[in-house]
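Listed below are the residues making up each chain.
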Amino acid sequence: MTGAGESVINNPGRRRASGPGALGLVLGHPFDTVKVRLQTQTTYQGIIDCMVKTYRHESLLGFFKGMSFPIVSIAVVNSILFGVYSNALLVLTATSHQERRAQPPSYTHVFIAGCTGGFLQAYCLAPFDLIKVRLQNQTEPRAQPGSPPPRYQGPVHCAASIFQAEGPRGLFRGAWALTLRDTPTLGIYFVTYEWLCRQSTPDGQNPSSATVLVAGGFAGITSWVTATPLDVIKSRMQMAGLEQRAYRGLLDCVVSSVRQEGLGVFFRGLTINSARAFPVNAVTFLSYEYLLHSWG
Ligand SMILES: C[N+](C)(C)CCCC[C@H](N)C(=O)O
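Cut-off values and rules
Residues numbered from 1 in each chain as written. Predicted model: local features only at pLDDT ≥ 70, side-chain atom pairs only at ≥ 80, totals over all residues. Heavy atoms only, no water. Near = heavy atom within 4 Å. Polar contact = N/O pair within 3.5 Å; in protein donor to acceptor, adjacent residues only side chain to side chain. Areas by Shrake-Rupley, 256 points an atom, 1.4 Å probe, with all protein chains shown as cover. Helix = DSSP H or I, 4+ residues; strand = E, 2+ residues; numbered from the N terminus. Nonpolar A, V, L, I, M, F, W, Y, C, P; charged D, E, K, R; others polar. Domains from an automatic or database assignment. UniProt positions renumbered as here; feature names shortened; annotations may be inferred. Patch = residues over 30% accessible without salt bridge, like charges linked within 9 Å, V, L, I, M, F, W, Y side chains within 5 Å. Salt bridge = Lys/Arg side-chain N within 4 Å of Asp/Glu carboxyl O.

Quick word on the site of the ligand
Move 1: Close to the ligand lie Arg-181, Asp-182, Thr-185, Leu-186, Tyr-189, Ser-223, Trp-224, Ala-227, Arg-276, Val-280 and Asn-281.
Move 2: A distance of 2.7 Å separates an oxygen atom of the ligand from a polar side-chain atom of Arg-276.
Move 3: Its free accessible area being 380 Å², the ligand has 91% of it covered by the protein chains.
Move 4: In terms of residue count, the dominant contributor to the shell around the ligand is helix H7 (residues 175-199) (five residues).
Move 5: Classifying every residue of the shell around the ligand gives five nonpolar, three polar and three charged.
Move 6: Residues lining the shell around the ligand come from more than one domain, with at least three contributed by each of domain 2 (68-138 + 153-200) and domain 3 (216-295).

Following this line, the structure appears as structure tokens:
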């Protein structure tokens, strides 16, 4: 890790691009599992209740259900997101990454580039996210002799079961809600990051590692706060058709959720989303800056 005052440029050789990204995801996954359960199941009284019941019933492993696919997909999804963002900025501003510090892009261009990346990564993310949510919602303890096996034996079995039951379209259940969630909020993600970096970096210079970490962390929180309402709907659309009745579409899911649980339903998991978002996205942006400067 570079010193607080050093720029990320000075240590390109020490980049551990996939490390922090994947490490951040592993550390963040238990928070994500609790969030998904709070959003789609009404049996928990809150974060602590969900954590205690998960630990008691499923041990620590319960918090890591559904993690294998996101670990595999995060590298692909992040490279699409950041790759499309960076190239969209190149097209919009006709400046390369190196020139961008001297001629910073307008926030409008940053927002458009972020939304473009958000839209394109959503469809790649959708099947992986669906399988993650389905596995996270399996609350049976580890397979014990005599206990009924869970519906899905693992990510591949889950994908095959969905494919057999619903065809390839089944793997994109909730994709529309995911796309609506990610497109605007990833625009906000990158605008927040750029704005915070510029607030604490002298013109024409590169942000220090400390600036990148703090700006990335708050970009993660800001985007997750604005994404949480549709995140709840997305998770419910992905779980629909199993125990709960299937919704007649995204609007039906919104209306029936509000009718049954009030407007507060849209902020289920907001606290835990935000707690998870800071470290995960701080390291995500640090990896991004390392990669950019080493591939400059
Ligand atoms: C757009 N939305 C807020 C949904 C996600 C933004 C951050 C995504 C990041 N890979 C993470 O896992 O936190």
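Read on, since the account is not over.
Overview of the UniProt feature "transmembrane region" (unreviewed entry) in the chain
Move 1: The UniProt entry lists residues 63-86 under the feature "transmembrane region" (unreviewed entry), expressed in the numbering used here.
Move 2: Helix makes up 79% of residues 63-86 and strand makes up 0%, while its end C-alpha atoms are separated by 34 Å.

Details of a nonpolar patch on the surface
Move 1: A cluster of nonpolar side chains, contributed by Tyr-123, Phe-172, Trp-176 and Leu-180, occupies part of the molecular surface with about 410 Å² of accessible area.
Move 2: Tracing the backbone through its elements, the reader meets Phe-172 in the loop between helix H6 (155-166) and H7.

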